[in-house]
Amino acid sequence: MTRAAVRAIPCGFCGEEFLEDRSQPACRACPLTGLCRTVRCPHCGYENPLTPGWIERLGRLVGVA
């Protein structure tokens, strides 16, 4: 079994890049825990929304990503 590639995510607030597996857990008190698909920047704490999978596939299809 191959391991999925870890994505580098640019923070929408501070601009620093971080690896998806290095992100902090999103708000645990939220009733949407695990459903909102956000990752928290380890540098500034901003919660970044993840890019939907269909948009990533489209980007690869047209050669953007």
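Draft legend 1. The arrangement of helix α1 (residues 53-62) in detail. Of all 10 residues in α1, one are buried; the element is thus mostly exposed. Looking at the residues trailing α1, positive phi occurs at Gly-63, about 85°.

Draft legend 2. How the structure looks around the packing of aromatic side chains. Considering all chains together, one arrives at one aromatic pair under this definition. Consider the rings of Phe-13 and Tyr-46, whose centres lie 5.9 Å apart with planes at 25°: the pair is stacked. Taken together, the residues span a long stretch of sequence, with Phe-13 in the loop between β1 (8-10) and β2 (17-19) and Tyr-46 in the loop between β3 (38-40) and β4 (47-49) at a distance of 33 residues. Classification of Phe-13 by relative accessible area gives exposed; the value is 64%.

Draft legend 3. How the structure looks around the pattern of salt bridges. Under the definition given, this model contains three salt bridges. Between Arg-7 and Glu-20 there is a salt bridge, with its nearest N and O atoms 3.1 Å apart. One end of the pair, Arg-7, is in the segment before β1; the other, Glu-20, is in the loop between β2 and β3, and 13 residues separate them in sequence. For Glu-20, a relative accessible area of 25% gives the class partly exposed. Put simply, Arg-7 and Glu-56 hold a salt bridge, and the shortest N to O gap is 2.0 Å. Taken together, the residues span a long stretch of sequence, with Arg-7 in the segment before β1 and Glu-56 in helix α1 at a distance of 49 residues. Glu-56 sits in the partly exposed class, given a relative accessible area of 23%.

Rules behind the numbers
Residues numbered from 1 in each chain as written. Predicted model: local features only at pLDDT ≥ 70, side-chain atom pairs only at ≥ 80, totals over all residues. Heavy atoms only, no water. Buried < 20%, exposed > 50% of the residue type's maximum accessible area, 1.4 Å probe, protein only. Helix = DSSP H or I, 4+ residues; strand = E, 2+ residues; numbered from the N terminus. Phe/Tyr/Trp six-rings, centres within 6.5 Å; stacked < 30°, edge-to-face > 60°. Salt bridge = Lys/Arg side-chain N within 4 Å of Asp/Glu carboxyl O.

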